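Chain by chain, the residues run as shown.
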Amino acid sequence: MTVTVTTFVHATCVALQAGGRRWRGVLLRGPSGAGKSDFALRLVDAGARLVADDQTALFRRGPSLIAAPPGTISGLLEVRGIGIVKVGRPRLLAQVPISLLVDLVPPEKIERMPEPAREELLGTELPVVRLTPFEASASAKLRLALAQIPAA
């Protein structure tokens, strides 16, 4: 019998296609007000897919770490100044393998030339980058970081 361990994290998950390949998940982490939902909104507006906003369920499938939305908030995105909005198809994805962890931090916490960082979640080691989500180049930086990771 296979047992699936699911954990919930305070993070927003989006999926992007890197180089025309399959969808790859990015977990946006940070405290309340860090810009997770705002950054996700801009990414979805530019062609990414929303997986989960604010809370993300994580589980293992073979060697992959999979992200999915908790059922009660599936398809919902908090947009400050507007409220909770429903994100429908085609801008929604039910689950995705995670390829990258992104810690959202203020500009003074960004190193100019950071050493590569990795973190283990549910037994899967993933690369970690730090980004300032409100910079105009944040989306481009995220896409560059994702493109540096070999597809699994």
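The name given to the protein chain in an unreviewed UniProt entry is HPr kinase/phosphatase C-terminal domain-containing protein, with the source organism recorded as Reyranella humidisoli.

Explain the overall build of the protein chain to me, using residue names and the numbers behind them.
Helix and strand counts for the protein chain come out as two helices and ten strands. For 152 residues, the compact-globule estimate of 2.2 N^0.38 gives 15 Å, and the protein chain sits close to it at 15 Å. For the protein chain, the C-alpha atoms occupy an extent of roughly 50 × 40 × 30 Å along the three principal directions. Here the protein chain holds 152 residues, and 44% of them are scored as buried. Across the protein chain, every contact between residues at least 6 apart in sequence was considered, and the portion connecting residues at least 24 apart equals 69%. Just so you have it, the protein chain exposes about 8500 Å², and 56% of that area is on carbon and sulfur atoms. If you average the places of the 19 positive and of the 13 negative side-chain charges in the protein chain, the two averages end up 8 Å apart.

Can you break down the nonpolar core residue by residue, with the values?
Among the nonpolar cores identified, the biggest contains 25 residues, and Leu16, Val26, Leu28, Phe39, Leu43, Val102 and Leu142 are the most heavily contacted of them. Going through the elements one at a time, strand S1 (6–17), strand S2 (23–29), helix H1 (36–45), strand S6 (76–79), strand S8 (96–104) and helix H2 (138–147) are the ones with two or more residues in this core. When residues no more than four places from it in sequence are discounted, the contact partners of Phe39 are Leu28, Leu104, Leu131, Pro133, Ala138, Ser139 and Leu142. Cys13, Leu27, Leu65 and Leu101 belong to the second-largest nonpolar core, a separate cluster that totals 15 residues.

Lay out H1 in plain terms, naming residues and giving numbers.
Of the positions making up H1, those classed as buried are Lys36, Ser37, Phe39, Ala40, Leu43 and Val44. The buried residues of H1 occupy one face: seen down the axis, they fall within an arc of 160°. Once H1 ends, the next one or two residues include Gly47, with phi positive near 115°.

Residues and numbers for H2, please.
Residues three or four positions apart in an α-helix share a direction because the helix packs 3.6 residues into each turn. Listed as buried for H2 are Ala138, Ser139, Leu142, Ala145 and Leu146. Along the long axis of H2, the arc covered by the buried residues comes to 125°, so they all point the same way. Where H2 is buried, its residues touch S1, S2, H1, S8 and strand S10 (124–131).

Quick rundown of the UniProt feature "domain: HPr kinase/phosphorylase C-terminal" (unreviewed entry) in the protein chain? Include the residues and the values.
Mapped onto this structure's residue numbering, the UniProt feature "domain: HPr kinase/phosphorylase C-terminal" (unreviewed entry) falls at residues 24–131. Structurally, residues 24–131 is divided into 9% helix and 48% strand, and its ends, taken at the C-alpha atoms, are 18 Å apart.

Criteria and cut-off values
Residues numbered from 1 in each chain as written. Predicted model: local features only at pLDDT ≥ 70, side-chain atom pairs only at ≥ 80, totals over all residues. Heavy atoms only, no water. Helix = DSSP H or I, 4+ residues; strand = E, 2+ residues; numbered from the N terminus. Rg over C-alpha atoms; globule rule 2.2 N^0.38 Å. Buried < 20%, exposed > 50% of the residue type's maximum accessible area, 1.4 Å probe, protein only. Contact = heavy atoms within 4.5 Å. Areas by Shrake-Rupley, 256 points an atom, 1.4 Å probe, with all protein chains shown as cover. Lys, Arg positive; Asp, Glu negative; His and termini not counted. Charge placed at Lys NZ, Arg CZ, Asp CG, Glu CD. Core = buried A, V, L, I, M, F, W, Y, C linked by side-chain atoms within 4.5 Å. Arc of directions from axis to C-beta. UniProt positions renumbered as here; feature names shortened; annotations may be inferred.

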